[in-house]
Amino acid sequence: MRKLLILIVALGCLAVLVVANGSAFTVQQEIPKESKTQPKEAVLDKDSQSDKYGEVAFNHENHATRNYSVDGKSPIVCVECHHTDQPATALQAPLKTSERPVALTAKLLEAADTKLVKTCRACHLQAGDDSAPIPTVTYPGKTAPTKLTNEVAYHTNCNICHDKAIAARPTLKGKAPGSNDCLPCHKPVS
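Residues numbered from 1 in each chain as written. Predicted model: local features only at pLDDT ≥ 70, side-chain atom pairs only at ≥ 80, totals over all residues. Heavy atoms only, no water.

Caption draft 1: Molecular detail of the overall build of the protein. In terms of helices and strands, the protein carries four helices and seven strands. Ordered by position from the N terminus, the helices and strands of the protein form the series α-β-β-β-α-α-β-β-β-α-β. Buried residues in the protein amount to 23% of all 190 residues. Long-range pairs, those at least 24 residues apart, make up 40% of the contacts in the protein between residues at least 6 apart in sequence. (Helix = DSSP H or I, 4+ residues; strand = E, 2+ residues; numbered from the N terminus. Buried < 20%, exposed > 50% of the residue type's maximum accessible area, 1.4 Å probe, protein only. Contact = heavy atoms within 4.5 Å.)

Caption draft 2: Inspection of the pattern of salt bridges at higher detail. One pass over the structure, following the stated rule, counts four salt bridges. Residue Glu55 pairs with Lys187 through a salt bridge whose shortest N-O separation is 4.0 Å. One end of the pair, Glu55, is in strand β3 (residues 53-58); the other, Lys187, is in strand β7 (residues 186-188), and 132 residues separate them in sequence. Classification of Glu55 as partly exposed rests on a relative accessible area of 29%. (Salt bridge = Lys/Arg side-chain N within 4 Å of Asp/Glu carboxyl O.)

Caption draft 3: Local environment of the environment of Pro94. You can see Pro94 is positioned in the loop between α2 (60-65) and α3 (106-110). Residue Pro94 is classed as partly exposed on the basis of its relative accessible area of 35%. A C-alpha to C-alpha distance of 8.7 Å links Pro94 and Pro140, two positions 46 residues apart in sequence. When neighbours within four sequence positions are excluded, Pro94 is seen to be in contact with Val137 and Tyr139.

Caption draft 4: Representation of the confidence of the model for the protein. In this model, the protein carries a mean pLDDT of 84, and residues with pLDDT of at least 70 account for 84%. Mean pLDDT values over the elements of the protein span from 46, in helix α1 (residues 2-20), up to 95, in α2. Across residues 4-11, where pLDDT falls below 50, the model places zero contacts with residues more than four positions away in sequence or in other chains. Predicted confidence for residues 13-29 stays below pLDDT 50, and this span has eight contacts to residues more than four positions away or in other chains. (pLDDT = per-residue confidence, 0-100.)

Caption draft 5: Broad picture of the sheet that holds strand β2 (residues 42-44). The strand order β2-β3-β7 describes an open sheet built from three strands, whose pairing is antiparallel. The sheet terminates laterally at β2 and β7, the two strands that pair on one side only. Taking each pair of neighbouring strands and ignoring which way they run, the sheet shows an average axis angle of 35°. (Pairing = 2+ DSSP bridges. Axes fitted to C-alpha atoms, helices over the stretch in contact; angles between N-to-C directions.)

Caption draft 6: Structural view of the environment of Asp71. Positionally, Asp71 belongs in the loop between α2 and α3. Assessed through its relative accessible area of 42%, Asp71 is described here as partly exposed. Each C-alpha atom of the pair Asp71 and Arg169 lies 7.1 Å from the other, and the pair is 98 residues apart in sequence. Of note is the side chain of Asp71, whose polar atom sits 2.7 Å from the side chain of Ser69. A distance of 2.9 Å separates a polar side-chain atom of Asp71 from the backbone nitrogen of Lys73. (Polar contact = N/O pair within 3.5 Å; in protein donor to acceptor, adjacent residues only side chain to side chain.)

Caption draft 7: Looking closely at helix α4 (residues 150-168). With 19 residues, α4 ought to run about 27 Å at 1.5 Å a step, and its terminal C-alpha atoms sit 27 Å apart, in line with that. For α4, every residue scored as buried is listed here: Asn150, Ala153, Tyr154, Ala165 and Ile166. One side of α4 holds all its buried residues, which, seen down the axis, span an arc of 165°. Summarising the contacts, the buried residues of α4 are in contact with β2. (Expected span 1.5 Å × (residues − 1). Arc of directions from axis to C-beta.)

Below, the structure is given as structure tokens:
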């Protein structure tokens, strides 16, 4: 009887830990560098070089299906992030790489003959990774080019979009993270 009571208490404690730390037991979908399957969630910056800020959980499904556009009236179109997946004529500076004759859409992705979609990390490598050239861009008003590592690309793309959305919809302030709000996105390094 005593052993049974100890077992029940131990299992109860384990259940409390699992519920309290449920996110610690969540398995994130492993994202290949190229795919035709849209992930529900992804983890950005698993290999963060920061000793203060760690990985970022990114809900791809919400951004692709909910009204998360700057004006809040539509989902974000694929090419907002997957900028190489549009015709060269649609590119706006500083973008310069086009790998698709038509703009990527979820419907286009369903077609059997559609080529795979690259993840950000396929081109925007971690600082110090010399396995492929890292894209560079010279921004207006700057003299030196900026190396678009994954960290720079993520921060630039995410922060600009979030800041524009907060400016267009002030009710988002404090609900959606802006460029000066690190911890709502980044998991603290433990």
